[in-house]
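# A look at the structure
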Amino acid sequence: MIKVTVYNEFVHEKKDEAVKAIYPNGIHRAIADFLESDDITVRTVTLDDPECGLTDDVLRDTDVLIWWGHLAHNLVPDEVAARVRDHVLMGMGLIVLHSGHHSKPFKLLMGTTCNVNWREDGDMERLWVCDPSHPICRGIGRYIELEHEEMYAEPFGIPEPEHLLFIGWYEGGEVFRSGATYRRGNGKIFYFQPGHESFPTYYNSDVQTVIRNAVHWAAPDLRVNELVCPHVKKIGS
């Protein structure tokens, strides 16, 4: 059983009636609903929870953390962001969705600005599969087509990915590295661009398949309990 925690700041759905109509119970619940299964159990937390719901106990009980944020990155306490970073280094998986590219934990782990070019006018997007052999791409054809999405375009201020899995192309002609993986310490990280709050992206079956595959891929291979720099004795001494 893979233990997943979905963090959603849960701001848009309470402030914007159009967003609430698409995700009446919040983006976090929409994601939890398609993930919960015989081999995945899901907990949801939001910005309003004490410590954003991401206490040390919760993170120790989390195999994969999914992060969605947009309006309130600055309201996440620095100590919570550092705690998430440390748990990734210890082995927890991290899936960062859409505007989570500017979240504090992702920027800490990338060490870069993570800036993008963007436009919000409902462009059609095709996400082209770059590596159909990768387990995150399993079950996806040549591309995923989304009728409407927020446009993100290069340059994208991230380090060179370990694997580039999706390139997004928009009807305006822009392209974007829309699906990329990293390893930091013992942890695996997947950034996936689709998921603007104004569109029903998380009801798309291909998007759901990618996120579900990513949960299985990001589940820990090795998890340690603390980050240490140990003094060791010579073998045989």
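It should be noted that the structure appears before, not after, this text.
Just so it is clear, the model here is predicted, and its values are computed rather than measured. (Residues numbered from 1 in each chain as written. Predicted model: local features only at pLDDT ≥ 70, side-chain atom pairs only at ≥ 80, totals over all residues. Heavy atoms only, no water.)

Take helix α5 (residues 78-90) next. The end-to-end C-alpha separation of α5 is 18 Å, in line with the 18 Å expected for 13 residues at 1.5 Å each. Within α5, burial applies to Val80, Ala81, Arg83, Val84, His87, Val88 and Met90. Its buried side turned inward, α5 meets α4 (56-60), β3 (64-68), β4 (93-97), α6 (104-110), β8 (175-184) and β9 (187-192). A positive phi of about 135° marks Gly91, the residue just after α5. (Helix = DSSP H or I, 4+ residues; strand = E, 2+ residues; numbered from the N terminus. Expected span 1.5 Å × (residues − 1). Buried < 20%, exposed > 50% of the residue type's maximum accessible area, 1.4 Å probe, protein only. Contact = heavy atoms within 4.5 Å.)

Relative to the assigned elements, Asp48 resides in the loop between β2 (40-46) and α4. Assessed through its relative accessible area of 56%, Asp48 is described here as exposed. For the pair formed by Asp48 and Val11, sequence separation is 37 residues and the distance between their alpha carbons is 9.3 Å. A polar atom in the side chain of Asp48 sits 2.5 Å from the side chain of Lys14. (Polar contact = N/O pair within 3.5 Å; in protein donor to acceptor, adjacent residues only side chain to side chain.)

On the surface, Trp128, Tyr143, Ile167 and Val175 cluster together to form a nonpolar patch covering roughly 310 Å² of accessible area. If you trace the backbone, Tyr143 turns up in strand β6 (residues 143-153). The class of Tyr143 is partly exposed, set by a relative accessible area of 34%. (Patch = residues over 30% accessible without salt bridge, like charges linked within 9 Å, V, L, I, M, F, W, Y side chains within 5 Å. Areas by Shrake-Rupley, 256 points an atom, 1.4 Å probe, with all protein chains shown as cover. Salt bridge = Lys/Arg side-chain N within 4 Å of Asp/Glu carboxyl O.)

For the rest of this paragraph, the subject is the environment of Ala81. Here Ala81 is to be found in helix α5. With 28 residues separating them along the chain, Ala81 and Leu109 place their C-alpha atoms 9.9 Å apart. With sequence-adjacent residues up to four places away left out, Ala81 is seen in contact with Val76, Lys104, Pro105 and Leu108.

Function cannot be read off these values alone, since they describe shape.
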